[in-house]
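# Residue-level structural notes
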Amino acid sequence: AERSPLIQQVTFQSINFENILTWEHGKETSPSTIYDVQYKTYGATWQNKSECQNITQLFCNLTRETENYTERYYARVRAIVPNCCVSNWIVTPRFYPKEDTVVGDPEVKYIPSIRSIKFIIQPPYTPLRGEANRTLTVEDIFRGHDVIRYQIIIFCQKTLQKWKKTEKNKEFEISELDPDTEYNGTIHIKYLEKISKPHLFRVRTLPDNRWLT
Amino acid sequence: LKQLHFGHCVVSMDMYEIRKGFGEIKEMTQAQDQYTSIRLLHRSYSLQDTKTEDRCCFFHYLLKFYLANVFNQCQANSNFHQRRVSRIANNFLSIKKELTLCDTVTTCPCGKEAIHRYEQILSRFERMESHSAALKALGELDILLDWIDKTE
Amino acid sequence: LVPLLVSGALLPAPQNITILSTNMKHFLVWSPLTVPGEAVKYSIEFQGEYERDYANDSWIPIGECTDISATQCDITEDISATVPYNLRVRAAQGTEVSRWATLNGLFNRVTTSLIPPMLTVMADGYHLLVELEHLGPAFEFLVLYWRKGQENQVYEKVVRDSNTTVHLETMEAGAEYCVKAQTYVEAINRSSNFSQVQCVKAAD
């Protein structure tokens, strides 16, 4: 009977331009199996990933080798069963970081007042460096290719109304809210007709104690 | 809608329809391309880096190349694939018709650079077996769309 | 006029083929065949300008509209460029197949009829909100809003994805605001007429 493949699901898993090659071993793969990894820019020739030769783990970090996010890449893996056999190379689909990376959820600070809430968004950082070796955020990268927007969907517990507002800046304020009321919702980054993972928030406006004084 | 300005002439491209059509066949098409050491639309002949006055002609060449040499070679697969290729091809034709109108409004000069760049792409294409070459060119459509996006 | 088949004669081709196109949704419609015997099935094929000019006048079947019993089918997905399209239908009964009947004249989606959008205007305390019907990615909405009594100062907002209620403005206490909207389809560069005006009052 045909043996189950030694390697399956060879793909790039990419979040915020951290590009990890992952694969799965077959059902009958021996625990002593080791793996070799190679990568290439589309249109060029294969190269060994030196840190991922004869490895036992099922992943390999190729972030540095695929850091030009406007290029296209391939990676491939083969299995070696000591004193037995070597599998064929199994290749990934073509990988295009700019299009294929998933943008994670942003970090958000909120400053509630009596009748408003201020939101301060921090877009996710990437492993990529810009001028003066500054760490780039996903906003730095996509701003050169498209208009970046921040979308807030807010739900008012008191009126049970949910509505959406799209903002241009990372800092914005939602005003004219009700005092001492809970608001929850999501904040996304919108880029290249796509949307990041959502940041979920739950915030309560301050009570209006001014009539006490 | 992406608008390309060539002199007084404006060509609009429904990038959404084209990217949607291509997105649905991209993985299947690229997976059939076994020659991953060859790239037709090479970065050194990109549209956005072409001299401004040569862009109109180079772009016209690229449209005609895809219409005449690529899409009709890639229709055989499944009905699903055929319909997506038709979506892309008819949008390319719509753009080419606008560009042809441009020729009457403004000149679309074909300088040496435009011709040289196109010939580089065509010669790589012709060195391959025709169906494999057409499949590779179709699989590189996202490269062409990126060039168009980056062309001011 | 519904064709009636005399037994033994060839299966007649479908008739009265027309396109109903509203808000960029395109349906091909035809008259049913009344013939004795097994159920009649219909199949549609389309041909864009590319297929005529570059692909030897070839026709492409539409999977979802092949061997169907209904006498209409949604062909929106395949009318996906602003070029003239040819469309044809044929009938089949068992092993017998009719001639193709072709739509009279070519169809270009630029002729679709655009209808003013349905909208619901709400006030959530001091927040002016509008809910727009979801018409798909080809549509944008131009929303105009103004404070009643200040008709000379109209604000506008372009809304692209309309699947959630949209915040327009933070209103002044007790003031009344009015809203109207029209759709715009960039691919064919056309707009609908404006919707009815709707007004709401902010909390005091």
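Relevant structure appears above.
Counting starts from 1 at the beginning of each chain's written sequence and moves along it residue by residue. All chains are assigned letters beginning at A, and all ligands numbers beginning at 1, according to the order in which they are written. Reporting of local features is limited, given that this is a predicted model, to residues whose pLDDT is at least 70; pairs of side-chain atoms are given and counted only at 80 or more, and all residues count toward the totals for whole chains, interfaces and linings. Only heavy atoms go into the side-chain values, all of them from the structure, while hydrogens and water stay out.

## Re the interface of chain B and chain C
The criterion used for residue contact is that any of the two residues' heavy atoms lie within 4.5 Å. Listed as interface residues are 23 residues of chain B and, on the opposing side, 24 residues of chain C. When two parts are put together, the accessible area they lose, computed with a 1.4 Å probe and summed over both, is reported as buried area. Considering only the side of chain B, the residues that lose the most area to chain C are Leu1, Arg83 and Asn90 of chain B, jointly responsible for 31% of the buried surface there. Basic side-chain nitrogens of Lys or Arg form a salt bridge, by our definition, when they fall within 4 Å of a carboxyl oxygen of Asp or Glu. At the boundary of chain B and chain C, one finds 7 salt bridges. Polar contacts here mean pairs of N or O atoms no more than 3.5 Å apart (in protein, one a potential hydrogen donor and the other a potential acceptor; neighbouring residues in sequence count only if both atoms are side-chain atoms). There are 16 residue pairs in polar contact (both at pLDDT 80 or more) connecting chain B and chain C. Classifying every residue of the side of chain B that touches chain C by side-chain character gives 7 nonpolar, 8 polar and 8 charged. Note on residue categories: nonpolar means Ala, Val, Leu, Ile, Met, Phe, Trp, Tyr, Cys or Pro, charged means Asp, Glu, Lys or Arg, and polar means any other residue, Gly included.

## Side note on the sheet that holds strand E5 (residues 59–61) of chain A
Backbone hydrogen bonds hold the strands of a sheet together, and the pairing may be parallel or antiparallel. Residue and element names in this part refer to chain A. The rule for pairing is simple: two strands pair if DSSP sees at least two bridges between them. The way it works is that DSSP assigns letters per residue, a run of H or I at least four long becomes a helix, a run of E at least two long becomes a strand, and they are numbered from the N terminus. Across the sheet, which stays open at both edges, the 3 strands sit in the order E1-E2-E5 with antiparallel pairing between neighbours. A single partner strand is all that each edge strand has here, and the edge strands are strand E1 (7–15) and E5. On average, each strand axis in the sheet is inclined to that of its neighbour by 15°, with strand direction left out of account. Direction of pairing for E1 relative to strand E2 (residues 18–25): antiparallel, over a ladder of 7 bridges. Among the inter-strand pairings, Ile15 is bridged to a residue of E2, identified as Glu18. Every angle, taken between N-to-C directions, lies between 0 and 180 degrees, and every axis is a line fitted to C-alpha atoms, over only the stretch in contact when it is a helix.

## So, the pairing of strand E6 (residues 73–81) of chain A
All names here are of chain A. For every residue, the accessible area (1.4 Å probe, protein chains only) is compared with the maximum for its type, and the residue is labelled buried under 20%, exposed over 50%, or partly exposed between those bounds. By the criterion of burial, E6 is predominantly enclosed, with 8 of the 9 residues buried. With 8 bridges joining them, strand E3 (residues 34–41) and E6 adopt antiparallel strand pairing. What sits directly across from Tyr39, in E6, is Ala75. With 2 bridges joining them, E6 and strand E8 (residues 90–91) adopt antiparallel strand pairing. For Arg76, the partnering residue across the bridge sits in E8 and is Val91. When E6 meets strand E7 (residues 85–86), the two strands line up antiparallel, connected through 2 bridges. Residue pairing in the sheet places Ile80 in a bridge with Val86 of E7.

## Thoughts on the nonpolar core
Residues and elements named next belong to chain B. Put simply, buried Ala, Val, Leu, Ile, Met, Phe, Trp, Tyr and Cys residues joined by side-chain atoms within 4.5 Å make one nonpolar core. Core analysis: the largest hydrophobic core is formed by 55 residues, its most contacted members being Phe59, Tyr66, Phe71 and Phe92. Mapped by element, the contributors of at least two residues to this core are strand E1 (2–6), strand E2 (9–13), helix H1 (15–23), helix H3 (52–70), helix H4 (79–105), helix H5 (112–126), helix H6 (130–139) and helix H7 (141–150). At 10 residues, the largest contribution of residues to this core is made by H3. Setting aside residues up to four positions removed in sequence, Tyr66 forms contacts with Leu41, Phe71, Phe92, Ala137, Leu138, Glu140, Leu141 and Leu144.

## A word on the pattern of salt bridges
Evaluation of the coordinates by the stated rule reveals 42 salt bridges over all chains. Residue Glu71 of chain A is joined to Arg39 of chain B by a salt bridge in which the shortest nitrogen-to-oxygen separation is 3.1 Å. Taken together, the residues span two chains, with Glu71 of chain A in the loop between E5 and E6 and Arg39 of chain B in the loop between helix H2 (26–31) and H3. For Glu71 of chain A, a relative accessible area of 10% corresponds to the buried category. A residue is classified by how much of its surface remains accessible, and Arg39 of chain B, at 5% relative accessible area, is buried. One salt bridge connects Arg117 of chain B with Glu113 of chain B, and the closest N-O pair in it is separated by 2.8 Å.

## Topic: the side chain of Glu139 of chain A
Residue and element names in this part refer to chain A. Summarising the element assignment, Glu139 is placed in helix H2 (residues 138–143). Note on Glu139: relative accessible area 10%, which makes it buried. Not counting chain neighbours up to four residues away, the residues in contact with Glu139 comprise Pro123, Ile148, Tyr150 and Lys170.

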